[in-house]
Every structure is written in C-alpha cells, then in structure tokens.
Amino acid sequence: MDGEHFTPARLSRGRSKGRSWVRFGGTSWWPLILLAFPLLALMVVPPVALLSKISPAMFFRYVGTSAVAQAILLSLWTSAASLAITILFGTPLAYILGRGRFVGKNVLEVLIDWPIVLPPAVAGIALLMTLGRRGLIGGWLARAGVEIPFTPIAVIIAQTFVACPYYIKAASLGLGSVSQEILDAAALDGASRLQRFFDVTFPLAFRSLVVGAALTWSRALGEFGATIIFAGNYPGRTQTMPLAVYIGFEIDIHQALTLAAILLIISFGLLIGIRAGFSKT
Amino acid sequence: MLPWFLGCSKPPAAVDPAPLARTTLTVFAAASLAESFAEIGKKFAADNPEVTVQFSFAGSQQLRAQLESGAQADIFASANEKEMNAAKADSLVQPDTVHDFARNRLVVIYPASNPAKIGTLSDLGRAGVKIDVADVSVPVGKYGQQMVEAMARDPDFGPDFEKCFLANVVSREENVKSVLSKVRLGEADAGVVYVTDVTPDAAKEVASLDVPDQFNQIASYPIAVLAKAPQPDWARRFEDYVLSGDGRNILREHHFLAAPSDGH
C-alpha cells in the first residue's frame, strides 16, 4: 500500500546529485509534470476552496452547537468501534490472505475488493435486506427481539462493511511480505508460532497495519450512502458528520461547512500524522 | 456519493434551429410529484414530439439549494411556498410565472402486516412504535411536525402526545419517498407521507390512516419558470399544460387536491 514513492526530489538525490530537480538522466520532466498538473489541481483546490469559506469565528460558533457536537461525537465513537472490529477480525483474515496458500484465494480477494467498488447506496440496501426486520438474518433477530436498523449498531455495521477492505488489503500485503527465511531462522532459534508472529511478523508488518488502519478509519468517518439507507438519519443516534453535512447543506450551509472542514482536517491529519510518525523512526 | 449532482445534467446548450431538432426541457420537481409529473411529461412529449422532458425529483429544499448553486433547469415545482419564495427572493424564477397548481394532504401509513398494531392515530404515541418521518427541512417533515403540534393541542391526544410521538421517531429522512420505502420494507412501524405517495402500487404493501382536517396540513404546490431557463418558451408551455384541464386531471388521478383558482 505504502511502498517507495516516486518523487522527483528523491530521484534527483539518487541520480543527478541534486543539480536540477526537473532534469534526470538527460530527460526533461516538464511534459510529465504539465500532464500531471490538472489532476493534482483537482485534488488540491477543492479542499482549499472549502477551507477558504470558513472564518475562525464561524467555525468556533458552530462547533459548539449541539447538532454539530452530537454529530462529531457519534462519528468518532462509531468509527473507532468499526476500526476495532476491523482490526480484531480483519487481522486474522489478512494473515490468511497474505501468508496462506489455498484453493479459492483469488475468489476471497475479489470478495474483499467488492465493498470498495460497490456504490455505498447499494451496500445500504444490501445490508437492509440482510439485517433489516424482514431481512435474511434480521428476520430471526427481530423474532429474538433484536432490531438493528435505525441504531448506532447499524451505523457501525455500515461503516465496517464499507471501510474494512482497506485495512485487510494493506495488512495482507504487509504480513505477506515478511520473508519466510527470517521466520525459518526464528523457528530454528526455538521461537514458538506465537513468538514468531508477535516478535517477527508483527513488527515487520507494523507500518502496513497502521497505514491500513488509518485508511479504514478515514473511510469509516466519511461513510454516507450505506449509513443513511441502512441506519437512517437521527441526530445523536445515527446522524454522523457526513449525514449532518448533507442535511446541513439544505438548511444551514455554515453548519455544513464547519462539519466539512472538521472532516477534512481529521482525515488529512490522520494521513499526515502517520507519514510524519514513520519518517521519524 | 453526491446525489445532489444527479439532477445537474445540463440540457444541450446549443440547439439546432431546424424544426425537427430535439429540445430537452429540464424539470426540477418535488419528490412527491414523481408519478404525476412523469405522466404529465409523457403526455406533453407525446403532444410535442420535438421535446424531450427530463426530470429531477428530490426534496424541494434540495432542488432549491441546487438551483442556488447554479444548476440549470427550466421549471421548478416545489411542495411548499417556502422554497418557492426563497427561489423568488433570490431571483431564480420569473416572478410572473409563479402559480399554485395543486394541493396535497398528509396521511399516516403503516406496513400492511401492521407489526405495531396501529389502529388509531393515538397509537402513534404508544411507547416502542417506530415512526419514520421526513426531516423538518423537507416540506413534508415540516407539515408533519405541525400536524403533531395540532394533535397535541387537542384534548383527545393531550399535550404529552407530541413528546411521545417524537420519542418514537427513529429517523428523519431527506425526502418523502425514503419514508415510504422504509415503511414498505416493514423497517418502520409507521410513517407520515402525502396522500399522493400511496400509489396503487404502494397500497399493496402499506395501509393508511386518514388524518382529520383539523390536524391535517394542506401543502400548496407552486410551479415557476426559472429566470435562466435555457428553454423559456417551452418552459412556459409546459407550465401551461400543468395548469390546463388535462394537467389538472392527471394530478387529480394521482389524488392531488385542486389548487384554488388564482386567475390563471
């Protein structure tokens, strides 16, 4: 997931001893840079435009209102729960995918990619058909007195469904890339299976696990389509930040902008924080 | 997912002036108009083969927000006066084209299997009944809130009714059709929608409870040609069709009430 990144700066150090950062091995990079620019601008300008519409006074006035505070709190704890569930059950799955060799592995990998490419609204309807009161499994649960739609549990399930593949994919790559020779050497030295996992595999794959976890957390925080269909929209119970942004867009654009800015800052902060953390070690 | 962009597809900017050229008319209409306007659009297009009518149905407040953000359309039909007045205040519509064309009323629906055993309106205040409503930013959500307030003022329901009803609300949807879907699916025990939402198709899965006049809120539907309509002449003809006897007949078949005549 997070391999060596190809940057002109890095290349210039390696190949042309830092003389000019746009010229490597005699080839001009300007055509490529010009072609790369539109997409880069597309990714960079909208967040800047969004933040430019928010004054600190407005931000602090809205951030304290109960509607905004409720949405932030709900988003934070439900996404943290989704992340915990993903790590708990996703790590063994990632280990199987990364290090196992078995028939049907391709099929399993496609299944794990599926929530990433699925439109979230489709995920929401599929979850309703599964866990709704008349759903495949929800029907039994309802008879036992457990009803999931319209609850924070539904929010967590929707977020987990949509976001867990990011962790599983990153973790399986990381866990799979730990060299068998090192593990064999540890086994020769008498390390047990658990010791080998916690003392060798886990530290070596740590970076991939953390990057995957950050992606999953960001994606869970941003979940919208599956949530509004499966969990509904109720302030304090199922109205997460993205839902409050959506509803706020029509009622109070300032509230929507404030929440949007917070979401933006959290997701950027997560990605930047992780990068900074790793570059120090 | 950015559903509010769904309706933003622009009609072709340059239309060939040749008589057989196809013209696209874009109509932004409240979600509750989905069935009736689809039929009106079909009839209008049949009478005018050179025109293709393209609809974007969503909550009126959402459509108004889209128009404010620069979405291009020819016609705006809202489920309340509030959004039309806001559009008028922002000079988004041609003021002389604003006319009420229909009225609607509220109804309480519940799944045909009636899991919460709803028999009367007062059952909506019983603890544990899962009620789905539209958000108060959506016209039908606002009308629903006014309905509950009116019921709470009536001694038959009592002042606690409002509190109990609101405690039963499990979700505030962003348009009336989501409320209908969740009741049809049996996920909610009851919902507040417009009479016109209970189409013959929906009536197979949901039953309804009439809301008496003293609590019911009458929704007025205004229509207008947009100030920046790419096809202003066709837009006026479409509006005339909606207001004509044929248009009103289609609306009546879909259980809309007639709008009071405003001299059009």
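Scroll up for the structure.
Calculation rules
Residues numbered from 1 in each chain as written. Chains lettered and ligands numbered in written order. Predicted model: local features only at pLDDT ≥ 70, side-chain atom pairs only at ≥ 80, totals over all residues. Pairing = 2+ DSSP bridges. Helix = DSSP H or I, 4+ residues; strand = E, 2+ residues; numbered from the N terminus. Axes fitted to C-alpha atoms, helices over the stretch in contact; angles between N-to-C directions. Contact = placed C-beta atoms within 7 Å. Nonpolar A, V, L, I, M, F, W, Y, C, P; charged D, E, K, R; others polar. Buried ≥ 20, exposed ≤ 12 C-beta atoms within 10 Å, placed from the backbone. Right-handed = clockwise from strand over helix to strand, strands pointing away.

## Focus: the sheet that holds strand S8 (residues 190-194) of chain B
All names here are of chain B. Strand order across the open sheet formed by 5 strands is S7-S6-S8-S5-S9, with mixed pairing between neighbours. Of all the strands in the sheet, just strand S7 (169-173) and strand S9 (206-210) have a single pairing partner and so form its edges. Geometrically, the sheet is characterised by an average inter-axis angle of 30° between neighbouring strands, direction not taken into account. Bridging between strand S5 (residues 106-111) and S8 involves 4 bridges; their strand directions are antiparallel. Across the sheet, residue Val108 finds its bridge partner in S8, namely Val192. On the sheet, helix H6 (residues 176-184) packs against S5, strand S6 (131-134), S7, S8 and S9 and is oriented at approximately 140° with respect to S8.

## A closer look at the interface of chain A and chain B
Taken residue by residue, the interface counts 20 residues in chain A and 15 residues in chain B. Those elements that place two or more of their residues in the side of chain A that touches chain B are helix H6 (120-131) and helix H12 (241-251) of chain A. Top element by residues in the side of chain A that touches chain B is H12 of chain A. It accounts for 5 residues. For the side of chain A that touches chain B, the residue count by class is 12 nonpolar, 5 polar and 3 charged.

## Focus: unusual backbone geometry
One non-glycine residue with positive phi stands out, namely Phe150 of chain A, at about 70°. Note on placement: Phe150 of chain A falls in the loop between helix H7 (138-143) and helix H8 (152-176). Given 23 C-beta atoms within a 10 Å radius, Phe150 of chain A is considered buried. The backbone phi angle of Ser91 of chain B is positive, close to 55°, even though this residue is not glycine. Note on placement: Ser91 of chain B falls in the loop between helix H3 (81-89) and strand S4 (99-104).

## Re the pairing of strand S1 (residues 23-30) of chain B
All names here are of chain B. For S1, the buried fraction is high: 6 of the 8 residues fall into the buried class. Pairing between S1 and strand S2 (residues 51-58): 8 bridges, direction parallel. Paired with Leu25 across the bridge in S2 is Val53. The handedness of the S1 to S2 crossover, carried by helix H1 (residues 34-47), is right-handed.

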